[in-house]
Amino acid sequence: MIVECIDRCEIMNSGQSVRRQENAKVWVGSVTDGHVMHIGEVADRAGLSLRTIRHYDEIGLVAPSGRTDGGFRLYSPADLGRLVLIKNMKPLGYSLEQMSELLSVIDSRASGAGTGAEEALEAFRRDAVQRRERLVVQLAKADEFIAELGSV
């Protein structure tokens, strides 16, 4: 939600929102429990590098819920959850576009606005199961190879 800034625009780290000033406009983003995290804490919790998180922000995959007056990123628990979801998609070989698509499906489902969100989510689940099964086969082949090396 964008609202016009009439007087002074400030960051609010408590309550239900985080605000930042942008060219005489204030961006308001939802924060579920009032707790916001800086990028370092989010990186530690998600197990991702700062560089990766910044990249995801730059390409619009996962943007922070807000920024401080100094420009530091502020992430909500929901943002952290999205980053962890993306991290879990990486070993299955999903592209950034597919990750973005899944996040859109999840958002549509949460808002109740998306038609077909349940079907799309189920399709992602089936695809993830198939990708996992292919990885199991690859791991079995890797174990076989390692055993062969032991007998050479």
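Predicted, not measured: the structure shown is a model, and the values here were computed from it.

## Describing the packing of aromatic side chains
Reasoning step 1: Overall, the coordinates contain one aromatic pair when judged by the stated rule.
Reasoning step 2: Between Tyr94 and Phe124, the aromatic rings sit 6.2 Å apart at their centres with planes inclined by 45°, giving tilted as the arrangement. Placement of the pair is Tyr94 in the loop between α3 (77–89) and α4 (96–111) and Phe124 in helix α5 (residues 117–150), with a sequence separation of 30 residues. Across this residue pair, the class does not change: Tyr94 and Phe124 are buried.
Reasoning step 3: Taking NZ or CZ as reference, Arg131 lies 3.8 Å from the ring centre of Tyr94, over its face.

## Some points on the confidence of the model for the protein chain
Reasoning step 1: Summing up the model confidence of the protein chain, the mean pLDDT is 82 and the portion of residues at 70 or higher is 77%.
Reasoning step 2: Low pLDDT, under 50, characterises residues 1–32; the stretch is placed with 65 contacts to residues that sit more than four places away or in other chains.

## Some remarks on helix α1 (residues 39–46)
Reasoning step 1: The set of residues buried in α1 consists of Ile39, Val42, Ala43 and Ala46. For α1, the buried positions fall inside an angular range of 100° around the axis, keeping them on one side.
Reasoning step 2: Close packing links the buried residues of α1 with α2 (50–58), β5 (73–74) and α3.
Reasoning step 3: In the segment just after α1, Gly47 is the residue with positive phi, at about 75°.

## Quick notes on the packing of α1 against α2
Reasoning step 1: At their nearest, the axes of α1 and α2 sit 9 Å apart, and the two run at 110° to each other. Relative to α2, the element α1 is oriented roughly perpendicular. Facing α1, whose interface residues are Ile39, Gly40, Val42 and Ala43, α2 presents Leu50, Ile53 and Arg54.
Reasoning step 2: Looking at the contact of α1 with α2 residue by residue, the class counts come to five nonpolar, one polar and one charged.

## Comments concerning the packing of α3 against α4
Reasoning step 1: Their axes nearest at 10 Å, the elements α3 and α4 cross at an angle of 135°. Relative to α4, the element α3 is oriented oblique. Between α3 and α4 lies a crossing whose hand is right-handed. Residues Arg82, Leu85, Ile86 and Met89 of α3 touch α4, and the partners they reach there are Gln98, Met99, Leu102, Leu103, Ile106 and Asp107.
Reasoning step 2: Across the contact of α3 with α4, the residue classes tally to seven nonpolar, one polar and two charged.

Rules of the game
Residues numbered from 1 in each chain as written. Predicted model: local features only at pLDDT ≥ 70, side-chain atom pairs only at ≥ 80, totals over all residues. Heavy atoms only, no water. Phe/Tyr/Trp six-rings, centres within 6.5 Å; stacked < 30°, edge-to-face > 60°. Helix = DSSP H or I, 4+ residues; strand = E, 2+ residues; numbered from the N terminus. Buried < 20%, exposed > 50% of the residue type's maximum accessible area, 1.4 Å probe, protein only. Lys NZ or Arg CZ within 6 Å of the ring centre and 35° of its normal. pLDDT = per-residue confidence, 0-100. Contact = heavy atoms within 4.5 Å. Arc of directions from axis to C-beta. Axes fitted to C-alpha atoms, helices over the stretch in contact; angles between N-to-C directions. Parallel < 35°, antiparallel > 145°, perpendicular 65-115°, else oblique. Nonpolar A, V, L, I, M, F, W, Y, C, P; charged D, E, K, R; others polar. Left-handed = near helix turned anticlockwise from the far one by under 90°.

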